[in-house]
Amino acid sequence: MSEVLVVIDHADGEVKKPTYELLTLARRLGEPSAVFFGSPDQGDAVAEKVKKYGAAKVYVVDDAQIKGFLVAPKAEALQQLAEKSSPAAILLPSTFENKEVAGRLAIKLGSGLITDAVDVAAGPDGGAVTTQSVFAGNYTVQAKVTTGTPIITVKPNSAAPEEAEGAGAVEAVAVTVSDAAKGAQIVATQPRQSTGRPELTEAAIVVSGGRGTGGNFEPVEGFADSLGAAVGASRAAVDSGWMPHAFQVGQTGKTVSPQLYVANGISGAIQHRAGMQTSKTIVAVNKDPEAPIFELVDFGVVGDLHTVLPAATEKITERKG
Amino acid sequence: MNIVVCVKYVPDATADRKFEDDFTVDRVGVDGLLSELDEYAVEQALQFREKREGEEITVTALTVGPEKAVDAVRKALQMGADSGVHVVDDAIAGSDYLGTSLVLAKAIEKIKADTGADLVVCGMASTDASGSVVPAMLAERLGMPQVTLASVVESQGDQVRIKRDNEGSTEVIGATLPIVLSVTDQSGEARYPSFKGIMAAKKKPLETWSLTDLGLDADQVGLSVAYTQVEDTTARPPRTAGEVVTDEDGSGAGALVEFLASKKFI
Ligand SMILES: Cc1cc2nc3c(=O)[nH]c(=O)nc-3n(C[C@H](O)[C@H](O)[C@H](O)COP(=O)(O)OP(=O)(O)OC[C@H]3O[C@@H](n4cnc5c(N)ncnc54)[C@H](O)[C@@H]3O)c2cc1C
Ligand SMILES: Nc1ncnc2c1ncn2[C@@H]1O[C@H](COP(=O)(O)O)[C@@H](O)[C@H]1O
């Protein structure tokens, strides 16, 4: 069976959930080989994790030469790996950075690129057929790569991770990075403070607030915590400086696809919908009965979020006892 | 110094966007406009020029697209760009990222041969394809460093520094011109064309180029040679509005919690 390269999503060796989703999808196309860009001494621990989801091989790419520069060196490294292993497909978690890596890789390999897939399946000929959600979630598109090695970036929450035992054979790979790829230098990195809440794009429940919060996110955060949810925001809330940009949901923020999305004081503009329309269940609290968000909801409350949310939070806490 | 700003003509996001029978995006039947996200690119190109008083800097707006796409260039000229280039050719229709980035790169190289291209500025994403990949692909094709997804842009001499939001961190990226830069909607409000700007735009040079002008053949781009193929498109069934209750004397919270419990979220 041919290899399928899967780029591991991790933070300093801590493997993230989208990796397991990608490994699960990759098994439909062939035998997954996970690619770890990181510190070689974390390689074995990472391999232990990913082999539980079917990784037959784990390529450990020492990122010492790579991590100080933007995007280009990773694309070179993947090119070298792809030329060595002739994979049936290359899957990457759909982050902004990985999409750019994928774009450069597509040109290097002369291969077709599909971005932001929400599903990947094997077509009649065994090749990858992808599903994408486009035009703010109003259309789904089925597509395939017709030339070269399919390069596909996959959104978080696109598959339920399924375990499968893989060999997890660690293989250290030496890659060479050209000087040309070192043109854009990462001068400084400032890690974001952790909120202690689930990651926005990975969370099963997302509770968001918009302009209607008036800048007071306490009711939104309290409600989110009672449900163990991530907190999100509309651009209006971000532009007002109430929430950092990293929390923005929508076209120019994060796309989320949780089991439950709760929009509070958010009108439901097309650009906001673009980031949440594929959520399984949608709930809104808004004091305007005419707000467009109500066109999308499974359940809605016309009311003031400043009274509805604290009361609901209290009831949930009571129930949980 | 010459700045090239890449602007895309896209179907209006607030209109009913749809596909043609061959599954390409309908770019004719739906009202189009300069992608709002590329207005930020034009703005940053203009600010780059304005911050460097005394230097001879021209801003060229470049688009690849059908007849009507020239409107995207016109808008950029009205905002303050100095000249425009519209690459239009029937053979380009249906190009994917690889095709589009090839045509853009060839056009940039042609501009570069004439007047130079020390800085290429793009938007963070096109509002129709939302790929956020063309700027990186241009950097790859042009052999320039990519300094992408900037929320803040600063420059001094030939040094450019940007701030970029990454997954778990904020990064500062530095590079030396020439570069490919892309900017987000956090980079600063885009200006509106003034009346004076609209009038002046009419007299600004605007060139129309075909594939031949770029030394490209019809069989290098377009739908028939695309590296990807759309097999089907399906309109998502509109979400049927569910139950909406009005909060009276605290009834809303109770109903909300009941709903969440019935769906096993609690
Ligand atoms: C190119 C582009 C990209 C964009 N990208 C994004 C994006 O990524 N994400 C995004 O969100 N937006 C984006 N936008 C902006 C988008 O168009 C809207 O302006 C924005 O989503 C509005 O945010 P909002 O719903 O919080 O504010 P508003 O539209 O002002 O709505 C506020 C809502 O709160 C309700 N409300 C007020 N007070 C209360 C109360 N006490 N209790 C309950 N409800 C109350 C009001 O009835 C109203 O419906 C983008 C726009 C453009 C042009
Ligand atoms: N056809 C085009 N003409 C001009 N610029 C484009 C075109 N397509 C993409 N771009 C530029 O590339 C950026 C990212 O596009 P995309 O990768 O399609 O999301 C846009 O914001 C534009 O600056």
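Everything in this summary refers to the structure shown in the same document. No experiment lies behind these values; they were computed from the predicted model shown.

**Re the site of ligand 2**
Residues and elements named next belong to chain B.
Right, so step 1: Around ligand 2 there are 19 residues in total, and C6, D38, V64, S126 and S132 lie nearest to it.
Right, so step 2: In the model, an oxygen atom of ligand 2 is placed 2.7 Å from a nitrogen or oxygen of the S126 side chain.
Right, so step 3: The contact in question runs from an oxygen atom of ligand 2 to an N or O atom on the backbone of G131, over 3.1 Å.
Right, so step 4: Listing elements by their share of the shell around ligand 2, those giving two or more residues are β4 (58-64), α3 (97-115), β6 (119-123) and α4 (134-142).
Right, so step 5: No other element matches β4, which puts three residues into the shell around ligand 2.
Right, so step 6: For the shell around ligand 2, the per-class residue count stands at ten nonpolar, seven polar and two charged.

**Notes on unusual backbone geometry**
Right, so step 1: Residue P178 of chain B is reached from L177 of chain B by a cis peptide bond, and omega for that bond is 0°.
Right, so step 2: Mapped onto the elements of the fold, P178 of chain B is located in the loop between β9 (169-176) and β10 (179-183).
Right, so step 3: Its identity is not glycine, yet D12 of chain A carries a phi of approximately 50°, on the positive side.
Right, so step 4: Assessed through its relative accessible area of 67%, D12 of chain A is described here as exposed.

**So, the packing of aromatic side chains**
Right, so step 1: Within the structure shown, the criterion is met by five aromatic pairs over all chains.
Right, so step 2: Taken together, a centroid distance of 6.0 Å and an interplanar angle of 90° make the contact between F135 of chain A and Y139 of chain A edge-to-face. Each of the two residues, F135 of chain A as well as Y139 of chain A, counts as buried.
Right, so step 3: Taken together, F135 and Y139 of chain A together with F19 of chain B form an aromatic cluster joined through their ring pairs.
Right, so step 4: Seen from the ring of F37 of chain A, K74 of chain A lies directly overhead, with NZ or CZ sitting 5.4 Å from the centre.

Parameters at a glance
Residue positions are given per chain, counted from 1 along the sequence in the order it is written. As they are written, the chains are lettered A onward and the ligands numbered 1 onward, keeping that order. It should be noted that, the model being predicted, local features are given only for residues of pLDDT at least 70 and side-chain atom pairs only at 80 or more, the latter also being counted only at that level, while totals for whole chains, interfaces and linings use all residues. Hydrogens and water molecules were not included; the side-chain quantities draw on all heavy atoms of the structure. Residues are classed as near a molecule or strand on a simple rule: at least one heavy atom within 4 Å of it. Here a polar contact is taken to be a pair of N or O atoms separated by no more than 3.5 Å, where protein atoms must pair a possible hydrogen donor with a possible acceptor and residues adjacent in sequence count only if both atoms sit in side chains. Each helix is a run of H or I in the DSSP string that is no shorter than four residues. Each strand is a run of E no shorter than two, and both are numbered from the N terminus. Here the term charged refers only to Asp, Glu, Lys and Arg, the term nonpolar to Ala, Val, Leu, Ile, Met, Phe, Trp, Tyr, Cys and Pro, and the term polar to all other amino acids, Gly among them. Categorising residues by exposure relies on relative accessible area from a 1.4 Å probe, with only protein chains included: less than 20% of the type maximum marks a residue as buried, more than 50% marks it as exposed, and the intermediate range marks it as partly exposed. In this analysis, rings of Phe, Tyr and Trp, with Trp reduced to its six-membered ring, are considered paired at centre separations within 6.5 Å, and the interplanar angle assigns stacked below 30 degrees, edge-to-face beyond 60, and tilted for intermediate values. Each ring is checked for a lysine NZ or an arginine CZ that lies within 6 Å of its centre and within 35 degrees of its normal; such an atom marks a charge sitting over the ring.

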